[in-house]
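# Reading the structure
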Amino acid sequence: MLKTLRTNTKSIMIIVSVCFVAMMVFAWGMDITGRRSRMQTGVVGVINGQKISTDTYGTIIQNRRQSLGEQQRSDYVTERRLHSEVWEEIVNQTIIAQEIKKRKISFTDRELLSFILSNPPQVVYQVPLFQENGTFSITKYQSFVSNPDNYKNPQTASLMQYLETQAKSTLPFLKFQEMVTGGILIPDVMVRDRWLQENEKRTIDWVFITPARFNNAVLTPSQQELEAYYNEHKKDYEHQELRAVDAVLFELVTSEQDSADVLERIRMLAQRAKSGENFADLANGYSEDPGNRGAQNTSQGGDLGWFGRGMMVKTFEDVAFGLKPGEVSDPLLTQFGYHIVKVDSVQYKVDAKGKPTNEIEKIKAAHILLKIEPSARSREKMENGVKAFYDAVTTGKKDFTQLAQETGLTVNRSQPFNRDATYISNVGPFAELLAKRVFNSKKGEILPIYYTDQGAYVVQVAEIVPAGIPSFQDVMSRVTQDVQRKKRMELAEEAINGMYQRVKSGMSIEEAAMASSDSTLKFTARTSTLTRVENVPGLGSMSPLTAAAFNLKTVGECTEPVKTDLGVGIAVLKEKQPVDEAQYQSEKEELRERMKRDSQEKVLTRIVEELRKKAKIVDDRYMYYNL
């Protein structure tokens, strides 16, 4: 089995990545670090009875935050996304670690050593000890691991311990994945079918009509129709407990003084550049353009490369194309902030005889950007305002809505959301912890100040909608929309059925699509050469209409009307392209391996989903993090 694991390590690690989270979860879960015996400062969550301490969670978050790199802008959206992703990984890896323990998956010392020898972690590829002529040497690495004296040497013992700990945390996960996916076989008939889906091509003429095509149609369902539809589809409107919040935003905005300060700074930089100071050094030291960092986090000196007209913001372009090589511009303002530009080279257009003209074709330039962002002074003003409002409403001195009106603030009511919501309207995305805080609060309660990149919100629990099936009156607008969409779908079906009958009577699909006397019901047939799985604009990927077209036997044959959730259509076979058997033979084994990896991923995903459904997961992060 270890041979299989060594072969498939990189491709198999789909659900559980070999990362710091897995090491922490496994090591802590098996208590090889002694972490559980220490005093815990708090518990952010419980997964099947296993507590996740604030210490463990905070360490993982800090490690992941550092891995984002210096150029990753630290903002509230990034921070909330990070917490969301880390929590999902902790949950998945914890329930898998528990399943590993339940299945009594273990490994021998020989298996552990074999795994370490065959699977050097990525971090050791840069260790000088394992380099030979500037590249990683697997021979040197394996020689190092095989030498027991390296455990005794203080200079190498920590690296040996890291390799062992990393392997101990990774190997059980890999053996678990091998256990649940190792028996997957992909027979020739499946490989052949998949290859044909991706490579067999046909040209079809088609028409596909969505209900939106009839948005301008006047559709006024009667009260009786609406009530009948509601009674027939009551279960569709059933929901969990929902809540809504009222929120006022104290917007973080730039002041005139903020803009003036940035202008003064850019003027100073322009003067230094015009006085002969190295422009690239100034750009590397001061430019706030995130593009000034290359792939290896190297400074670019503000270089924009070659560009022609129409490739930059017009204000920027007009200034840049007006400069001579070596000339530095005065400060200019765009929606991105203040810039200064230096042109390095100019390339002129040539005439029909190949001689240069006076018209510039493109230029090579560099720039320095200073963004206009709220200063500490503006941020302090915003924070003073939101804190004064918050204190007034939490101490009972003022009513939330009344104070908002008195101060000229708009109260925005969110759409009702459930306990597991990640987005709250009028507040923003990655709001999962805010949603949990709302569901652990009473109606009318004021929540802690909620900060975003746009400013700060004061949020009040405004509405609690009990779980169940709402009354017809409560969802009448939704029912009306659903009935109108149903009617529009019926109009689309009627139009397509008419075309189908005309094609069956001898018309081409183009003639059938345009044959209606009503100009609003004239359609254009489209032609596409496609595979079964190809994403076609207006038709989508793996469309049922595409599948029906591939079942046609003879050129000129038409599908029956095909209805989907998105609309209804017909297609006529125009051309069948021959299959390249030689190509299939050369690609089938590689495809078989890809299909096996896909199947492994599906099996692992399904198992994790099943484990999560059965798991008892308590997420109390909102008690420690105001995110």
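Look up: the structure comes first, before these words.
What comes next concerns the included structure. (Residues numbered from 1 in each chain as written. Predicted model: local features only at pLDDT ≥ 70, side-chain atom pairs only at ≥ 80, totals over all residues. Heavy atoms only, no water.)

## Section: the sheet that holds strand β11 (residues 412–413)
Pairing is antiparallel across the open sheet formed by four strands, whose spatial order is β11-β6-β13-β12. Edge positions in the sheet fall to β11 and β12 (450–452), since each of these pairs with one other strand and no more. Taken together, the three bridges between β12 and strand β13 (residues 455–465) define a ladder with antiparallel strand orientation. By the bridge assignment for β13, Y450 is matched with Y457. On the sheet, helix α15 (residues 432–439) packs against β6 (242–251), β12 and β13 and is oriented at approximately 120° with respect to β6. (Pairing = 2+ DSSP bridges. Helix = DSSP H or I, 4+ residues; strand = E, 2+ residues; numbered from the N terminus. Contact = heavy atoms within 4.5 Å. Axes fitted to C-alpha atoms, helices over the stretch in contact; angles between N-to-C directions.)

## Re the nonpolar core
Of all hydrophobic cores here, the largest spans 33 residues; its most connected members are Y57, V86, I90 and F176. Among the elements of the structure, β1 (43–47), α3 (54–67), α4 (76–102), α7 (154–181), α8 (188–199) and α19 (581–614) are those that each provide at least two residues to this core. The element that contributes the greatest number of residues to this core is α4, accounting for nine residues. Apart from residues no more than four positions distant in its own chain, F176 is found in contact with I96, E99, I100, R103, I105 and I607. (Core = buried A, V, L, I, M, F, W, Y, C linked by side-chain atoms within 4.5 Å. Buried < 20%, exposed > 50% of the residue type's maximum accessible area, 1.4 Å probe, protein only.)

## A few points about the sheet that holds strand β14 (residues 526–530)
On the basis of which strands lie adjacent, the open sheet formed by four strands has the order β14-β5-β16-β15 and antiparallel pairing. The open sheet has two edge strands with one neighbour each: β14 and β15 (562–563). Where strand β5 (residues 202–209) and β14 come together, five bridges link them in antiparallel fashion. Bridge pairing in β14 links D205 to T527. Against the sheet, helix α16 (residues 476–504) makes contact with β5, β15 and β16 (568–576), and its axis sits at roughly 35° relative to β16, the strand it touches most.

## Quick look at the packing of helix α5 (residues 109–118) against helix α6 (residues 138–146)
One way to put it is that α5 packs onto α6 with a least axis distance of 9 Å and a crossing angle of 150°. As far as their axial angle goes, α6 and α5 are roughly antiparallel. α5 and α6 meet at a crossing whose hand is right-handed. Residues L113, I116 and L117 of α5 touch α6, and the partners they reach there are I138, Y141, Q142, V145 and S146. Broken down by class, the residue content of the contact of α5 with α6 amounts to six nonpolar, two polar and no charged. (Parallel < 35°, antiparallel > 145°, perpendicular 65-115°, else oblique. Left-handed = near helix turned anticlockwise from the far one by under 90°. Nonpolar A, V, L, I, M, F, W, Y, C, P; charged D, E, K, R; others polar.)

## Considerations on α3
Counted at 1.5 Å a residue, the expected span for α3 with its 14 residues is 20 Å, and the 20 Å between its end C-alpha atoms agrees. Inspection of α3 places T54, T56, Y57, I60, I61 and R64 among the buried residues, and these make up the whole buried set. Buried residues of α3, viewed axially, fall in a sector of 165°; they line one side. (Expected span 1.5 Å × (residues − 1). Arc of directions from axis to C-beta.)

## Points about the pairing of β6
Along β6, eight of the ten residues are buried, which leaves the element largely enclosed by surrounding structure. Two strands pair when backbone bridges link them, and β6 and β13 are joined in this way by ten bridges, in the antiparallel orientation. Paired with L249 across the two strands is Y457, which belongs to β13.

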